[in-house]
Every structure is written in structure tokens, then in C-alpha cells.
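Coordinate inspection notes
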Amino acid sequence: MVNDIKVLIIEDSKASLYYEVSHLRRSGFNVEYEQVENAEGLRKVLSHSKWDIILSDHEMPNFSSIEALKILNETGLDIPFIIVSDGIEEEIVEEAMRAGCKDYVMKNKLSQLGEAVKRALVEAQANTRNLEKIWKSFLN
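What this report covers is the structure whose coordinates are included nearby. From a predicted model like this one, the values you see are computed outputs, not experimental measurements. (Residues numbered from 1 in each chain as written. Predicted model: local features only at pLDDT ≥ 70, side-chain atom pairs only at ≥ 80, totals over all residues. Heavy atoms only, no water.)

Focus: the pattern of salt bridges
Inspection of every chain in the model, using the stated rule, returns five salt bridges. K107 serves as the salt-bridge partner of E11, at 3.0 Å between the closest nitrogen and oxygen. In this pair, E11 is assigned in the loop between β1 (3-10) and α1 (14-26) and K107 in the loop between β7 (103-106) and α5 (113-139), connecting sequence segments 96 residues apart. Residue classification places K107 among the buried positions, given a relative accessible area of 11%. For E123, the salt bridge is made with K102, and the minimal N-O distance between the two is 3.4 Å. (Salt bridge = Lys/Arg side-chain N within 4 Å of Asp/Glu carboxyl O. Helix = DSSP H or I, 4+ residues; strand = E, 2+ residues; numbered from the N terminus. Buried < 20%, exposed > 50% of the residue type's maximum accessible area, 1.4 Å probe, protein only.)

See below:
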């Protein structure tokens, strides 16, 4: 079964970008994606496009996953966010998780990316269904 997903990838390396997309496709996803590298680009695409999931490198020349997560939270959009990075300190991962990050995948273990994305999407779908049930019961 092919799952169509629209992925926003925050990444400064084209090689890493293509590698991540390749892993998602091998995991059965039909991937439509866009890449951004900075806060301005992120704000722009969040304001005019709908995304199923966001993948973010942690450390880029003038931007970080923590900054990206803060921007996402400021918008009020409920989009699963996964950090995909070479290495990151445990304290930063914990901070990101408290701020709403759903998972962390190391770039040298991208074989785990497909499963992490599936988990995040299933959780998001379940949350949406629960909210719909709550609204329906509230309106009745």
C-alpha cells in the first residue's frame, strides 16, 4: 500500500534531503516534499501550504530544529515534527520532546525513518479522530 504524504524538510544539505526522501519511498510512501533552510522559508511555507509531517535537521548554519519547532508552535498548526540529525545532545532532545517533537532519528540510522514517520502519522490521525468525537459530543 502506498501512502501519499506531503513532507516539509528543513535541511541545508541536498544529499541528506535526497537520502531521507529515498528512505521514505523505500518505506512505501509516495512523497511530495519541499525543502527550507531558514526561519523565513519555514514561515512562508507554513502559511501557504498544508503538510502531513515535518522533518528537521538539528543544526544548520543559521537555524536549528529547536527554532523551527518554536516557529511551528507559534503558528498553532498541529503537524508532527521529527528531528533527523547526525548527533544531538540528550538535553536538547528532551527539550524538543517537551515542545512537541514526536521523534528523533539519527542520520546514520535512516532505516528507522519510515517507521518513525508511520508512528507519528498514525498518532496524528488518532488525535484528529478523538477531537472530532469530542466536538460531535459537544455539539449534540
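So that's the structure; there's more coming.
As for the packing of aromatic side chains
Taken as a whole, this structure holds zero aromatic pairs when the rule is applied. The ring of W51 carries K6 above its face, with NZ or CZ at 4.8 Å from the centroid. (Phe/Tyr/Trp six-rings, centres within 6.5 Å; stacked < 30°, edge-to-face > 60°. Lys NZ or Arg CZ within 6 Å of the ring centre and 35° of its normal.)

Overview of α1
Given a rise of 1.5 Å per residue, 13 residues ought to cover 18 Å, and the 18 Å separating the end C-alpha atoms of α1 matches this to within 8%. Taken together, the buried positions of α1 are S16, L17, E20, V21, H23 and L24. One side of α1 holds all its buried residues, which, seen down the axis, span an arc of 160 degrees. Opposite the packed face of α1, turned more than 90 degrees from it, sit the exposed residues A15 and R26. With a side-chain oxygen positioned 3.4 Å from the backbone nitrogen of A15, the residue opening α1 is S13. Positive phi shows up at G28, right after α1, with a value of about 100 degrees. (Expected span 1.5 Å × (residues − 1). Arc of directions from axis to C-beta. Polar contact = N/O pair within 3.5 Å; in protein donor to acceptor, adjacent residues only side chain to side chain.)

Topic: the sheet that holds strand β2 (residues 29-36)
Read from one edge to the other, the open sheet built from five strands follows the order β2-β1-β3-β6-β7, with strand pairing classed as parallel. Across the chains shown, the open sheet's two edge strands, defined by having one partner strand only, are β2 and β7. Going from strand to strand, the sheet's axes swing by 25 degrees on average, the running direction of each strand aside. Relative to strand β3 (residues 53-56), β1 runs parallel, the two being bridged by four bridges. Bridge assignment links V7 to a residue of β3, and that residue is I53. Where α1 meets the sheet, its contacts fall on β1, β2, β3 and β6 (81-85), and the angle it forms with β2 comes to roughly 160 degrees. (Pairing = 2+ DSSP bridges. Axes fitted to C-alpha atoms, helices over the stretch in contact; angles between N-to-C directions. Contact = heavy atoms within 4.5 Å.)

Observations concerning the nonpolar core
With 23 residues, the main nonpolar core has L8, I10, L42, L46, I54 and F81 as its most contacted residues. Of all the elements in the fold, those that place two or more residues in this core are β1, α2 (39-48), α3 (65-75), β6 and α4 (90-98). Per-element tally for this core: the top contributor is α3, with five residues. Those residues in contact with L42 that lie beyond four places of it in its chain are L8, I10, V36, F63, A68 and I71. One finds I9, I82, V84 and L110 within the second-largest nonpolar core, a separate group that totals 19 residues. (Core = buried A, V, L, I, M, F, W, Y, C linked by side-chain atoms within 4.5 Å.)

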